[in-house]
Amino acid sequence: MKLFLFGIGGTGARVLRSLTMLLAAGAKTPADLTIIPILLDMDMQNGDTERALREVELYRAIRRVAYKDTAASQGTQTERRTFFATPLQPLGTLQAENAQEKIGDSVLPKLTDHEGTFEEFLSVSNMDDIDRELLKLLYDNSAKPTSAELKLNLSVGFKGNPNIGSVVFNALEDSAVYKYFTGAFNDQTDRIFVISSIFGGTGSAGFPQLIKLLQHPSQKIQIRNAKKGAVTVMPYFALEENNQSAIDQNRFLSKTKAALSYYQTQVNLDALYYIGDRPGSKLYPNVEGGAKQTNNAHVVEMLAAASILDFANKSEGEFSDAKRYFEYGLKRNDRTLDLPHFHDQTYNGLFEPLIRFAYATKFFTDFVPGNLGEAFAKNLSLSQNLRTNTFYTSLENFMTYHFKVWLSEMAQNDRAFYPFEMQLDFNAMVRSKRIETGFFDKGISEKFLRDQAGKIENSLQAPFPQPEMRFMQLLIDVAEKCREKLGPLNRQLSDAAV
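A quick note: this is a predicted structure, and the numbers were derived from the prediction, not measured. (Residues numbered from 1 in each chain as written. Predicted model: local features only at pLDDT ≥ 70, side-chain atom pairs only at ≥ 80, totals over all residues. Heavy atoms only, no water.)

With respect to the helices and strands, E301 occurs in helix α10 (residues 299–313). Of the residues examined, E301 reaches a relative accessible area of 3% and is grouped as buried. Residues contacting E301, with those up to four places away along its chain left out, are R14, V15, S18, Y236 and N296. (Helix = DSSP H or I, 4+ residues; strand = E, 2+ residues; numbered from the N terminus. Buried < 20%, exposed > 50% of the residue type's maximum accessible area, 1.4 Å probe, protein only. Contact = heavy atoms within 4.5 Å.)

Shown next, in the form of structure tokens:
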């Protein structure tokens, strides 16, 4: 099954970033699932988008080597795929019927060739006088840079103006990326999911236009009949004051209310997920777009990514003719969240894998470099390859500069998600439970890790002769041994969790 995942605007990119981390950790997905991420944004230089693109590419590079098309990776009993298991495949790499134009293999295909102002996009200079005057009534054309809508440079997005974005997205059907999508969508079992915000410009504009297009009678029957879902991200952060910015956060709530009213009557989907949060004390920089727009990861984005997995995991029988709406709730409304704050479905599907991946990350980044003389490392030729082989450098890059940073950003945000202390030792790393140690049991000690790595590596040599594939299985199995050592977590909340 393919899930065509449209991520609209900066929120789409940030949710895709969290989704990539959850998939790397082995979050539960159908065994046959392939996700096709498609980011739709005019702001091609957006910092959040660029970061998400790098992480998807690293994920794909790691997965290509870790799970090569061999007998061992085709479902034999020796295979234990967990980390990086679900394929992420760019739209342009699929076969598309009647595709007139190639779109490349980027997750961010070019939406339009236009790089100028909104006024130029509308070809105002070629209009009759009466049409030009009408536009001046509909859109602000003042000399003030922060409010002149017709003078808005579209190369950095719509700056919180869905009235402008909806005009641009109205031309989506004629874009090369949408035509390629329709040519590639041929399987009756494939599904469609859309990520968007409801309070900005790009997401608010693109979401209803895209849904309307997907359901139009002119679309091929496979697209019209496909199961469709979406997550609508409501306001969850506040911005710093910036009189030079065109983004007005005072309009976030009014735009949200207006959009919700429209969605209730005009948007028909098999599953629509809503998520948002009361903004905390930590303010985001008020940046209109471009490379400087790199917001810290937020737990709302991670849970929005979880809605994608929930939709993908639903069986056909779980969908009904009636529209279904989903919201998200916590056990307790604390500003700092830990693993016990979440209900069983989230914990089992997302956080059990996240615990294992956190152990694997610590093992690879903190333990392996200091133990290259051990038998397991020698058998894998790690001393020669750890700093030169693309697989290992990509894995280190992903774990150190992306996964750890993603966790750190969420831990420091408001609302915070703070489950791990990655800088502490293995026994203290999981905040909700410290592994008890004593004279006879040192918990997850260096000796424990050396012994486990040696035994596991020996057992993997026959089924996995290629070192990189064997090392990925080693990470999976060592992480499982660490998780066993941790034992059951107390999932009851205490006052200390506040």
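Here we come to the environment of D270. In this fold, D270 is placed in the loop between α9 (252–266) and β6 (271–275). With relative accessibility at 17%, the residue D270 sits in the buried group. As for D270 and G229, which are separated by 41 residues in sequence, their C-alpha atoms are 5.8 Å apart. Filtering out sequence-adjacent residues up to four positions away, D270 remains in contact with A226, K227, K228, F319, S320 and R324. Engagement of the side chain of D270 in a polar contact is seen with the backbone nitrogen of K228, the distance being 2.8 Å. (Polar contact = N/O pair within 3.5 Å; in protein donor to acceptor, adjacent residues only side chain to side chain.)

Moving on to empty space enclosed by the protein. By rolling a water-sized probe across the atoms, one finds the places where empty space is left. Applying the stated rule across the entire model yields 2 cavities of 30 Å³ or more. Around the second largest cavity sit F364, T365, P369, L386, R387, Y392 and E396, which together line it. When residues of the lining of the second largest cavity are traced back to their parent elements, those giving at least two are α11 (344–367) and α14 (390–412). Considered class by class, the residues forming the lining of the second largest cavity number 4 nonpolar, 1 polar and 2 charged. (1 Å grid on protein atoms, 1.4 Å probe; cavity = no way out; pocket = protein on both sides within 12 Å on 5 of 7 lines; lining within 4 Å. Points joined across faces, edges and corners; volume = space filled by probe spheres on them. Nonpolar A, V, L, I, M, F, W, Y, C, P; charged D, E, K, R; others polar.)

Looking along the chain, the bond that leaves D414 and enters R415 is cis, with omega of 20 degrees. The phi torsion at F84 lies on the positive side, around 55 degrees, for a residue other than glycine. Checked against the element boundaries, F84 lands in the loop between α2 (47–66) and α3 (118–121). In this structure F84 comes out as buried when scored by relative accessible area, which is 0%.

Time to look at α2. Between its terminal C-alpha atoms α2 stretches 29 Å, which fits the 28 Å expected from 20 residues at 1.5 Å a residue. In terms of burial, α2 is largely enclosed, as 15 of its 20 residues are buried. For α2, the N-terminal capping position is held by N46, with its side-chain oxygen 2.8 Å away from the main-chain nitrogen of D48. (Expected span 1.5 Å × (residues − 1).)

Strand order across the open sheet formed by 6 strands is β2-β1-β3-β4-β6-β8, with parallel pairing between neighbours. Looking at the sheet topology across the chains shown, the edges are occupied by β2 (34–40) and β8 (325–326). When strand β1 (residues 2–8) meets β2, the two strands line up parallel, connected through 7 bridges. Residue pairing across strands places L3 opposite I35, the latter belonging to β2. Strands β1, β2, β3 (191–197) and β4 (227–233) of the sheet are contacted by helix α1 (residues 9–25), whose axis makes an angle of about 140 degrees with β1. (Pairing = 2+ DSSP bridges. Axes fitted to C-alpha atoms, helices over the stretch in contact; angles between N-to-C directions.)

Moving on, we come to the layout of surface pockets. Of the pockets and cavities examined, the largest pocket occupies roughly 580 Å³. Elements that contribute at least two residues to the lining of the largest pocket include exactly β6, α10 and α11. Top contributing element to the lining of the largest pocket by residue count: α10, with 7 residues. Taken together, the residues of the lining of the largest pocket break down into 12 nonpolar, 8 polar and 5 charged.

Evaluated as defined, the whole model comprises 27 salt bridges. The salt bridge partner of D48 is R51, with a shortest N-O separation of 2.9 Å. Within this pair, D48 and its partner R51 are both found in helix α2, separated by 3 residues, close to a single helical turn. An identical accessibility class is assigned to D48 and R51; each is buried. A cluster of three or more residues bridged by salt bridges with shared partners is formed by R14, R17, D48, R51, E55, E301 and E409. (Salt bridge = Lys/Arg side-chain N within 4 Å of Asp/Glu carboxyl O.)

One recurring pattern in soluble globular proteins is that nonpolar side chains are buried together. Core analysis: the largest hydrophobic core is formed by 146 residues, its most contacted members being F84, L91 and Y359. Per element, the largest residue contribution to this core is 12 residues, and it comes from α11. Setting aside its immediate chain neighbours within four residues, L91 contacts F4, I36, I38, I103, V177, Y180, F181 and A184. Counting 6 residues, the second largest nonpolar core, distinct from the first, contains F118, V124, L135 and L150. (Core = buried A, V, L, I, M, F, W, Y, C linked by side-chain atoms within 4.5 Å.)

Further remarks concern a nonpolar patch on the surface. A contiguous nonpolar surface patch, about 350 Å² in accessible area, is contributed by L134, L137 and L138. With respect to the element layout, L137 can be found in helix α4 (residues 129–138). You can call L137 exposed: its relative accessible area is 72%. (Patch = residues over 30% accessible without salt bridge, like charges linked within 9 Å, V, L, I, M, F, W, Y side chains within 5 Å. Areas by Shrake-Rupley, 256 points an atom, 1.4 Å probe, with all protein chains shown as cover.)

Limitation: the analysis is restricted to geometry and does not speak to function.
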